[in-house]
Amino acid sequence: MLELVPPYVATNLMSGADDPRAMPLDAYIAEVMQILKTQPTPAEIVVENAKGLYHAAASGNYDAIFQGLNAAMADVH
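Below: a short report on this structure. (Residues numbered from 1 in each chain as written. Predicted model: local features only at pLDDT ≥ 70, side-chain atom pairs only at ≥ 80, totals over all residues. Heavy atoms only, no water.)

1. A closer look at the pattern of salt bridges
The condition is simple: Salt bridges are identified by distance alone: a Lys or Arg side-chain nitrogen within 4 Å of an Asp or Glu carboxyl oxygen. Any residue under 20% of the maximum accessible area for its type is buried, any over 50% is exposed, and the rest in between are partly exposed; the area is computed with a 1.4 Å probe on protein chains only. Secondary structure follows DSSP: runs of H or I at least 4 residues long count as helices, runs of E at least 2 residues long count as strands, and numbering of each begins at the N terminus.
Inspection of the entire model under this criterion finds two salt bridges. D19 is the salt-bridge partner of R21, the closest N and O atoms lying 2.8 Å from each other. The exposure class assigned to D19 is buried, which follows from its relative accessible area of 10%. In this structure, the salt-bridge partner of K51 is E48, at a minimum N-O distance of 2.8 Å. Note that K51 and E48 are positioned in helix α2 (residues 48-54) at a spacing of three residues, about one turn of the helix.

2. Section: the nonpolar core
Rules: Here, nonpolar core means buried Ala, Val, Leu, Ile, Met, Phe, Trp, Tyr and Cys residues that are tied together by side-chain atoms lying within 4.5 Å of each other.
By size, the foremost hydrophobic cluster in this structure holds ten residues: V5, V9, M23, Y28, V32, I35, I45, V46, V47 and A50. Of all the secondary structure elements, the ones that give two or more residues to this core are α1 (25-38) and β2 (44-46). Examining the composition of this core, we find that three residues originate from one element, α1, more than from any other.

3. A look at the layout of surface pockets
The line we're drawing: Here a cavity denotes a set of grid points, spaced 1 Å apart and computed over the protein atoms alone, in which a 1.4 Å probe fits but from which it cannot get out, and a pocket denotes an open set meeting protein on both sides within 12 Å along at least five of seven lines; residues with an atom within 4 Å of a point are reported as lining. Grid points are joined across faces, edges and corners, and a volume is the space filled by probe spheres set on the points. Three classes are used, and their members are as follows: Ala, Val, Leu, Ile, Met, Phe, Trp, Tyr, Cys and Pro are nonpolar, Asp, Glu, Lys and Arg are charged, and the others, Gly among them, are polar.
In this model, the largest pocket occupies a volume close to 460 Å³. Looking at the largest pocket, it is lined by 17 residues, and the ones nearest its centre are P6, P7, Y8, V9 and L69. Of all the secondary structure elements, the ones that give two or more residues to the lining of the largest pocket are α2 and α4 (62-73). Per element, the largest residue contribution to the lining of the largest pocket is four residues, and it comes from α2. The residue inventory of the lining of the largest pocket, partitioned by class, reads 13 nonpolar, three polar and one charged.

4. Topic: a nonpolar patch on the surface
Here is the rule: Only residues whose relative accessible area exceeds 30% and that take part in no salt bridge are eligible for patches, with like-charged residues grouped when within 9 Å of each other and nonpolar side chains (Val, Leu, Ile, Met, Phe, Trp, Tyr) grouped when within 5 Å. Areas reported as accessible are Shrake-Rupley estimates using a 1.4 Å probe. Residue values count occlusion only from the protein chains shown.
Together, L25, I29 and M33 make up an exposed nonpolar region whose accessible area comes to about 250 Å². A relative accessible area of 42% means that I29 is categorised as partly exposed.

Okay, structure coming up:
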């Protein structure tokens, strides 16, 4: 089993396709493919744009990151 941990990606999901804050889909796919080339059997794939959120609880930043995400997403249509 492989866990794929995406960031906010520029797709039609949650109106991200036109959101400049979203990671471009082609960049996300390229990074995932590069990880798979260098680590052919990872248990999980976490791209750089997702690492802050992924490690938020362990780093003690969960509350701040959660509040920041909520504020940033408040205006997404």
